[in-house]
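Secondary and tertiary structure notes
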Amino acid sequence: MNEYVYGDVAGELIFIKSDAAEQLALLHSEFATWGDARNSLSAKSWTDVVERFADGETDLPADGEVYDLDTVPGHADGDWPAWPAREMLRDVPQSVREQYGKVEDTIHDGEFLHFDVGDEVAIVKALQSFGWRCVRDDALVRKASGH
């Protein structure tokens, strides 16, 4: 199903699949310990965390250690988890990207799609024509985006 949440993140509209937004927001939560994170994250998200540590040849913190997402290999570099503004390059239909979006580039994190907040009504209408169900939730989208 094409259920998306969207919101204003620093003056840009960001669209994220609803289920991905929930998991990204949860990952960016301020858990007290790694055990809290393990117990709260979905099995898929936790497996992804474990694999990041394994790939980085770094020990997974013990359950009682203070949760710090920056200790996950790749997080502090911006390589992980998925960056919603970059994911939009893949998810948003090409005609909508071309009509309303602008591909921008960062020095470290590569290209991402920028949508101007002033085009919100037209963008949502265009996405709905592709079967997207769009619900605005600024707080969820900001948290899922790491803000």
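What counts as what
Residues numbered from 1 in each chain as written. Predicted model: local features only at pLDDT ≥ 70, side-chain atom pairs only at ≥ 80, totals over all residues. Heavy atoms only, no water. Helix = DSSP H or I, 4+ residues; strand = E, 2+ residues; numbered from the N terminus. Rg over C-alpha atoms; globule rule 2.2 N^0.38 Å. Buried < 20%, exposed > 50% of the residue type's maximum accessible area, 1.4 Å probe, protein only. Contact = heavy atoms within 4.5 Å. Areas by Shrake-Rupley, 256 points an atom, 1.4 Å probe, with all protein chains shown as cover. 1 Å grid on protein atoms, 1.4 Å probe; cavity = no way out; pocket = protein on both sides within 12 Å on 5 of 7 lines; lining within 4 Å. Points joined across faces, edges and corners; volume = space filled by probe spheres on them. Nonpolar A, V, L, I, M, F, W, Y, C, P; charged D, E, K, R; others polar. Pairing = 2+ DSSP bridges. Axes fitted to C-alpha atoms, helices over the stretch in contact; angles between N-to-C directions.

With that settled, the discussion passes to the overall build of the protein chain. Looking only at helices and strands, the protein chain features 7 helices and 5 strands. Ordering the α and β elements of the protein chain from the N terminus gives β-β-α-α-α-α-α-β-β-α-β-α. Expected size for 147 residues packed as a compact globule is a radius of gyration near 15 Å; at 16 Å, the protein chain falls within 12% of this value. Once the C-alpha set of the protein chain is aligned to its principal axes, its extents read approximately 50 × 30 × 25 Å. By residue count, 38% of the 147 residues in the protein chain fall in the buried class. Considering only residue pairs separated by 6 or more positions, the protein chain has 59% of its internal contacts joining residues 24 or more positions apart. Counting every atom, the protein chain has about 8,200 Å² of accessible surface; 47% of that belongs to carbon and sulfur.

Turning our attention to the layout of surface pockets. Over the atoms rolls a probe the size of a water molecule, and in doing so it shows where empty space is left. Space inside the largest pocket adds up to approximately 460 Å³. As for the largest pocket, its lining consists of 19 residues, and the residues nearest its centre are Ala20, Gln23, Leu24, Lys44 and Ala82. With 5 residues, the top contributor of residues to the lining of the largest pocket is helix H1 (residues 18-27). One number sums up the size of the second largest pocket: a volume of about 210 Å³. Broken down by class, the residue content of the lining of the second largest pocket amounts to 6 nonpolar, 5 polar and 1 charged.

Quick look at the sheet that holds strand E1 (residues 3-9) now. By definition, the strands of a sheet pair up through backbone hydrogen bonds, in either a parallel or an antiparallel sense. Taken together, the 3 strands give an open sheet; going across it, the order is E2-E1-E5, and neighbouring strands pair in mixed fashion. Edge positions in the sheet fall to strand E2 (12-17) and strand E5 (133-136), since each has one partner strand and no second. Here the average twist between neighbouring strands, direction ignored, is 30 degrees. In this structure, E1 lies alongside E2, joined through 6 bridges in antiparallel fashion. Each bridged residue has a counterpart across the sheet, and for Val5 the counterpart in E2 is Ile16. Packed on one face of the sheet, H1 meets E1 and E2 and runs near 100 degrees to E2. The strands touched by helix H4 (residues 84-91) are E1 and E2; relative to E2, the strand with the most contacts, the crossing angle is about 70 degrees.

On their own, these measurements won't tell you what the molecule is for.
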